[in-house]
Amino acid sequence: MKSSVAEQSTAEKIQNGDKEKKKKRRSSRRSKHNSVGCGTEEVHNNEASDGRNGSKAKNGNPSPSCSSSNQQGLDIRTSDELGEMRACSVAFNSMPSMHLNGQAENGDPVSFESQQVPSVDICKSMLSKSCPEPRDCEQSSRMNGDLFQQIDDTSERKIFSSYWCVDAVNEALEKGEAFKALFRVNAHNRNEAYCKIDGVPTDILVNGIVAQNRAVEGDVVIMKLDPFSMWPKMKGFVRENTAKSEESNNTLSRNEYIAPVYGKGIEVCVSQCEITSLDSSSRQTEFFTAVEKLRATVLSFPSKRPTGQVVAVAEKSLRRDSIVGFLNVKQWIHYRQGDAKKNEELLSLCDNEYLQLMPADPKFPKLIVPFRDLPGSIRRRLESSDATIEAELVAAQIVDWAEGCPYPQAYVTHVFGRGGELEPQIKAILHQNSVCHSDFSPDSLGCLPHLPWEVPEEEVQRRKDLRNLCVFTIDPSTATDLDDALSVESLSGGVFRVGVHIADVSYFALPDTALDTEAQLRSTSVYMLQRKLPMLPPVLSENIGSLKPGADRLAFSIFWDLNVDGDVIDRWIGRTVIRSCCKLSYDHAQGIIDGLFRSDVPPNGWPVLHGPFNWSDVIRSVRSLSEISTVLRQKRFRNGALQLENSKPAFLFDESGTPYDFVVCGRQGSNFLVEEFMLLANTTAAEIISRAYPNSALLRRHPEPNMRKLKEFEAFCSKHGLELDISSSGRFHESLEKIREKLKDDSALVDIFINYATRPMQLATYFCSGELREDNVTERGHYALAVPLYTHFTSPLRRYPDIVVHRTVAAALEAEEFFSRHSKTSGRRCFTGIHFDNDAAESMEGKEALSIAALKHGVPCSEMLADVAGYCNERKLACRNVRDACDKLYMWFLLKKKRIILSEARVVGLGPRFMSIYISKLGIERRIYYDEVDLLTTEWLEGTSTLILSMLKTRRGGRGNNKLLKEVAHVLSPYDLYGSETDESKDEIVPAVFPLTVRLLATVPVALHAVGGDDGPIDIGVRLYMSTYHST
């Protein structure tokens, strides 16, 4: 009990006193966000409180971990550093992110994850294979009973070490003996986790469940490094591109890991002889920070993987509150029925018994759920031995993870429905990403004007009237939230005046109102193919705020005067009133660009034209904009921009909203047209707000890629005869374009290279300009766009940061007007023009004008803005996760209906145990394991990296634990090929035959099928598509 209280105290106190207000704001916002109504059946147990708030569960034991509502340890930005390890080492032996220790993934003969809560001694023994036990970890006694009996929480024996106290943590952080970091788990192998320390080019490996010390995916942890002498060799590291014999599917085994002797931080990580091998400047290590020392060590020894252990949890991940999975019921029912014959009293449920919950996300541990914390509906079904409960998707919340228990304790909070149906899966996806899908509150709706609404005349007088300008929107055909429009005028001397007009949402969503609060909580609209969860009420996002054709609308407009070279000669920004003349789809605009019609009468099915304009005006404008955007795009790439893009599957839906097929599609010229001017508008807005409010501008940065992974990708390309220059984003883009040209006849291989080129990239994030120094261009800039300043300005109907930026722009405009009026320089654009008047901004009048305008328009202070930026980053990542999960769900559902879809795949990784294949049609990578398969023999030729798969005519005695052949290959006889139930592509995809010889980058036929649903997590399964005359 003392240990639990001490650990909770540690987590609650690991904070700096000067950030107390920031913590309270974020905590309050998160608690409000998670209290928003959910559309699923809520089955919260009244006797088990929210573990995140440090409340006690029914048994009265507080959680040993920290309370994220009471403290928010570190504003960690999520990154791409912890990409999934996917491919085999023979193919990408220079690409650790594509390489996985196959031995660890498949598991040892005794797998920790496969046990039904074994004894603590056995658990500890198994865990120690992957990571040595911490110094404070004592020997544990064997637990009495099994999964379905009470676990002794009062045992003084421990599997995990106690968390450090707050004083020890703070002292270690100050001395550089410990680090705060975001904890990420390898989805292929939960024994491997990684911590990203800002400024260090390599993630820190936390190897083994004991070293992870009860941290879960997304936690912010305090970690301590192992001594340098104990760092293992980097997986896939190749010196001088020479492949080593051990670099195959079977790499360093966990059993070969040497127990580290924990030192006192990075100061003792490098021995004296190793220090002398560093640069001479490293002798003055006392002047370095701990991060700089660690960075220097990592860069000097690139073949070494830093390792460490978790010593405390500073901030709990919100994912702890919403783990989705399935209850393991059948085994419990079998157990109960067996013992009931011996003891009739066991027919009733006992509160001291536990049920196991299997998370759908493999990055999370199995959970144990006490019967007392099960919803009444589930308890009643268990009493009647209803095994169908196992097909129900449920959500659970972790409330405790004791030092002596191998699994965390949780209680069930929601029951969504059967896992094999679309709607329960979608509800589960939204829940686990904390996405609000309830109706907007009456208070929020009360902030909006009543319908019908028209622009007030006094507002027209305050703005520039552009209703006689030919303005139009270009959006997807189904779009209803139209927040950007375009215009173009031809001036003298070959100059064009291009206008971008953005919906003025900040006019309606005023600071500190109920509408503003709810918009901030939602932060972004969530798109799920067939549905949308808007950030703003539809009456605003689809009506009075949307730039609908033929209606007067309020806007922020930016005009640029551009010459033939795409240079900006002059610009203007301000609040306007516009009237769009038509809503074009991307296909409409592309038809105009391609010159599909030349008359003034458009084809049938085209939109209605409003106002005093002819179609010739629209056609001329679209073509002019297309030509200008091409010039801007070419100039942008010459200046160093980078673009990584592959085709993606697009689903086709029937009238009921059910997917029935998909097509592969990419973006077209009209998409790039709109994109180019939106990028220019965002860059312009970033420049304006960062100059006017250098410490309170909401900007967006894209860090440089992980250089180690980038260099490894460079080595991989070199190995295959392709040159890659990674010295800058521009050179990188040029190299990739040359690779595209060289491989233009092999689109699938191009997709593979582009896909792997994205893996070293990190996520772009929002940040407050006051957080980073102005001269720190590398940290503040946008790597992919190759611009020093960038923000989001063009989508205020669906992104909250854009609203914040609009308010800051409005403040700069008002300050400019105020200053000009009082300094008698009317018409001078000192704060928003191309040339910023720094003297005016630094003058007493200028500072006063900027300050007054900031207060009026609700520009947040630096501390509040940093808080907003961090939260918006979390919500944007959640939105991305929802989109990806829904894409996978719809593909799974389509495969379930079709049963099998045939496709070609490329072998991107090869070894004696499994091959990694890339299915270009879906843009996904999967593995096929062929070791220990009944009726299948494998021959691995190490010298040539060649695999030969052969089929036996008869079985070799007992099958034992071997997999069935049908789990690895979809095998048909030649007679069955014309009668098999596959999709229409069966005539195009020819099956392979045994013996099958496979080499790197070879093309193999595969059969895709749906996995899971009612019997486990959904996935897209892949098998070889084979034909043979032999009986299987």
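Draft legend 1. Broad picture of the overall build of the protein chain. When helices and strands are counted, the protein chain shows 26 helices and 34 strands. Burial analysis of the protein chain (1032 residues in total) assigns 58% to the buried set. Carbon and sulfur atoms form 48% of the exposed surface of the protein chain, whose accessible area is close to 43,100 Å².

Draft legend 2. Expanded view of empty space enclosed by the protein. Taken as a whole, this structure holds 10 cavities of 30 Å³ or more when the rule is applied. When its volume is computed, the second largest cavity comes out at roughly 100 Å³. Taken together, 13 residues make up the lining of the second largest cavity; nearest its centre are V435, C436, R522, T524 and V526. The leading source of residues in the lining of the second largest cavity is helix α26 (residues 862-898), at 3 residues. Taken together, the residues that form the lining of the second largest cavity break down as 8 nonpolar, 3 polar and 2 charged.

Draft legend 3. Main features of the packing of aromatic side chains. By the definition in use, this model includes 16 aromatic pairs. Ring plane angle 40 degrees and centroid distance 5.9 Å describe the contact between F819 and F831, whose orientation is recorded as tilted. Pair noted here: F819 is in helix α23 (residues 800-822) and F831 is in the loop between α23 and α24 (838-842), with a separation of 12 residues, a long-range link. Taken individually, F819 and F831 each receive the classification buried, so the pair is uniform in this respect. In this structure an aromatic cluster arises from ring pairing among F228, W231 and F301.

Draft legend 4. Quick look at the pattern of salt bridges. Across all of its chains, the model carries 48 salt bridges by this definition. Its salt-bridge partner being R463, residue D504 comes within 2.6 Å of it at the nearest N-O pair. Note that D504 is positioned in the loop between β15 (496-503) and α14 (514-522) and R463 in the loop between α13 (457-462) and β12 (464-465), a separation of 41 residues in sequence. Put simply, K888 and D1019 hold a salt bridge, and the shortest N to O gap is 3.6 Å.

Draft legend 5. Summary view of the sheet that holds strand β4 (residues 204-207). Strand order across the open sheet formed by 5 strands is β4-β3-β2-β5-β6, with antiparallel pairing between neighbours. Two strands bound the open sheet, and with one partner strand each, they are β4 and β6 (308-315). On average, adjacent strands in this sheet sit at an angle of 40 degrees to one another, irrespective of strand direction. Alignment of strand β2 (residues 179-185) against strand β3 (residues 192-196), held across 4 bridges, turns out to be antiparallel. In the strand pairing of β3, F183 is matched with C195.

Draft legend 6. Focus on the side chain of D802. Here D802 lies in helix α23. Under the relative-accessibility criterion, D802 is labelled buried at 0%. A distance of 3.1 Å separates the side chain of D802 from the backbone nitrogen of T794, its partner in a polar contact. Discounting residues that sit within four places of it in the chain, D802 has contacts with H792, F793, T794, S795 and P796.

Draft legend 7. Main features of the nonpolar core. Judged by nonpolar contacts, the single largest core of 101 residues is most densely connected at L584, F677 and F793. In this structure, F793 is in contact with I502, F556, I558, I573, A681, N682, A685, R799, D802, V805, H806 and V809, ignoring residues within four places of it in sequence. Of all hydrophobic cores here, the second largest spans 54 residues; its members include V435, V882, M915 and V968.

Draft legend 8. Here's a closer look at the pairing of strand β11 (residues 409-418). Counting buried positions along β11 gives 9 out of 10 residues, so the element sits mostly inside the fold. Across 8 bridges, the pairing between strand β10 (residues 392-400) and β11 is antiparallel. By the bridge assignment for β11, D400 is matched with Q409.

Draft legend 9. Examining the state of the cysteines more closely. Throughout the structure, instances matching the rule amount to 0 disulfides. Free cysteine C879: the closest other cysteine sulfur is in C886, separated by 9.8 Å. In this structure C879 comes out as buried when scored by relative accessible area, which is 12%.

Draft legend 10. Geometry of unusual backbone geometry. In this structure, P452 follows L451 across a cis peptide bond, with omega equal to -5 degrees. Relative to the helices and strands, P452 is located in the loop between α12 (442-445) and α13. Cis geometry is found at the peptide bond from F994 to P995, where omega equals -10 degrees. In the Ramachandran plot, S385 falls in the positive-phi region, its phi being about 55 degrees despite a non-glycine side chain. Structurally, S385 can be placed in the loop between α10 (376-383) and β10. When its relative accessible area of 36% is taken as the criterion, S385 is described as partly exposed. In this model, S945 sits at a positive phi of 50 degrees, which is unusual for a non-glycine residue. Following the sequence through the fold, S945 ends up in the loop between β28 (936-941) and β29 (946-951).

Draft legend 11. Molecular detail of a nonpolar patch on the surface. Together, L652, Y660 and V663 give the surface a local cluster of nonpolar side chains, amounting to about 240 Å² of exposed area. Positionally, V663 belongs in strand β22 (residues 659-665).

Draft legend 12. The arrangement of the packing of α23 against helix α25 (residues 844-857) in detail. For the pair α23 and α25, interaxial distance at closest approach is 8 Å and the crossing angle is 140 degrees. With respect to their mutual orientation, α23 and α25 come out oblique. α23 and α25 meet at a crossing whose hand is right-handed. In this structure, α23 contributes R807, A810, A811, E814, A815, F818 and F819 to the contact, and α25 contributes E845, G846, A849, L850, A853, A854, K856 and H857. Residue composition of the contact of α23 with α25, grouped by class: 9 nonpolar, 2 polar and 4 charged.

Draft legend 13. Highlighting the confidence of the model for the protein chain. Averaged over every residue, the pLDDT of the protein chain is 79; the share at 70 or more is 75%. Confidence drops under pLDDT 50 across residues 343-348; counting only partners more than four residues distant or on other chains, this segment forms 6 contacts. In the predicted structure, residues 982-986 sits below a pLDDT of 50 and forms 14 contacts with residues beyond four places in sequence or in another chain.

Draft legend 14. The packing of helix α18 (residues 669-692) against α23, seen in detail. Taken N-terminus to C-terminus, the directions of α18 and α23 make an angle of 60 degrees; their axes are 9 Å apart at the nearest point. As summarised for this structure, α18 and α23 are arranged oblique, according to the angle between their axes. Classified by chirality, the crossing of α23 by α18 is left-handed. Between α18 and α23, the residues in contact are A685, I688, I689 and A692 and V805, T808, V809 and A812, respectively.

Draft legend 15. Just the sheet that holds β29, in detail. Strand order in this open sheet of 3 strands is β28-β29-β32, and the pairing throughout is antiparallel. Pairing within the sheet leaves two strands with one partner each, and these edge strands are β28 and β32 (996-998). Taking the axes of each pair of neighbouring strands and ignoring which way they run, one obtains an average angle of 15 degrees across the sheet. Summarising the sheet, β29 and β32 pair through 3 bridges and their orientation is antiparallel. By the bridge assignment, L949 is partnered in β32 with L996.

Draft legend 16. Summary view of helix α20 (residues 729-742). Over its 14 residues, α20 runs 20 Å from end to end, which matches the ideal 20 Å to within 8%, given 1.5 Å per residue. Among all positions in α20, only S729, G730, F732, H733, S735, L736 and I739 are buried. Lining the buried residues of α20 we find α17 (615-638), α19 (707-719) and α21 (747-757).

Draft legend 17. Examining the environment of V394 more closely. Here V394 lies in strand β10. For the pair V394 and G325, spaced 69 residues apart in the sequence, the C-alpha separation amounts to 5.6 Å. Setting aside residues up to four positions removed in sequence, V394 forms contacts with I323, V324, G325, L327, L357, V412, H414, V415 and F416.

Definitions and cut-offs
- All chains use their own residue numbering, which begins from 1 and follows the written sequence.
- Given that the model is predicted, a residue must reach a pLDDT of at least 70 before its local features are reported, and side-chain atom pairs must reach 80 or more before they are shown or counted; all residues, however, enter totals for whole chains, interfaces and linings.
- With hydrogens and water excluded, all non-hydrogen atoms of the structure serve as input to the side-chain values.
- Going along the chain from the N terminus, every DSSP run of H or I of four or more residues is numbered as a helix, and every run of E of two or more is numbered as a strand.
- Only protein chains enter the accessibility calculation, which uses a 1.4 Å probe. A residue is then buried if its area is under 20% of the maximum for its type, exposed if over 50%, and partly exposed in between.
- Here the Shrake-Rupley method, with its probe set to 1.4 Å, supplies the accessible areas, and only the displayed protein chains count as covering residues.
- Buried and open spaces are told apart on a 1 Å grid over the protein atoms alone, a cavity being a set of points where a 1.4 Å probe fits but cannot get out and a pocket being an open set with protein on both sides within 12 Å along at least five of seven lines. Residues with an atom within 4 Å of a point are the lining residues.
- Grid points are joined across faces, edges and corners, and a volume is the space filled by probe spheres set on the points.
- When residues are sorted by character, Ala, Val, Leu, Ile, Met, Phe, Trp, Tyr, Cys and Pro go into the nonpolar class, Asp, Glu, Lys and Arg into the charged class, and all the rest, Gly among them, into the polar class.
- Think of it this way: a Phe, Tyr or Trp ring, Trp meaning its six-membered ring, pairs with another when their centres are within 6.5 Å, and the plane angle makes it stacked under 30 degrees, edge-to-face over 60, tilted otherwise.
- The term salt bridge refers to a side-chain nitrogen of Lys or Arg lying within 4 Å of a carboxyl oxygen of Asp or Glu.
- In this analysis, strands are considered paired if DSSP registers two or more bridges between them.
- Every axis in this analysis is a line fitted to C-alpha atoms, fitted for helices over the stretch in contact. Angles between the N-to-C directions lie between 0 and 180 degrees.
- Here a polar contact is taken to be a pair of N or O atoms separated by no more than 3.5 Å, where protein atoms must pair a possible hydrogen donor with a possible acceptor and residues adjacent in sequence count only if both atoms sit in side chains.
- Working rule for contacts: check all heavy atoms of both residues, and any pair within 4.5 Å makes them a contact.
- In plain words, nonpolar cores are sets of buried Ala, Val, Leu, Ile, Met, Phe, Trp, Tyr and Cys residues tied together by side-chain atoms within 4.5 Å.
- In this description, the term disulfide denotes a pair of cysteine sulfurs within 2.5 Å.
- Residues enter a patch when their relative accessible area is above 30% and they make no salt bridge; the linking distance is 9 Å between like charges and 5 Å between nonpolar side chains (Val, Leu, Ile, Met, Phe, Trp, Tyr).
- Any angle between 65 and 115 degrees counts as roughly perpendicular, while under 35 counts as roughly parallel, over 145 as roughly antiparallel, and the rest as oblique.
- It is the rotation of the near helix from the far one that decides the hand of a crossing: anticlockwise by less than a right angle makes it left-handed, clockwise makes it right-handed.
- Known as pLDDT, the predictor's confidence for each residue is given on a scale from 0 to 100.
- Helix span is expected to be 1.5 Å times the residue number reduced by one.

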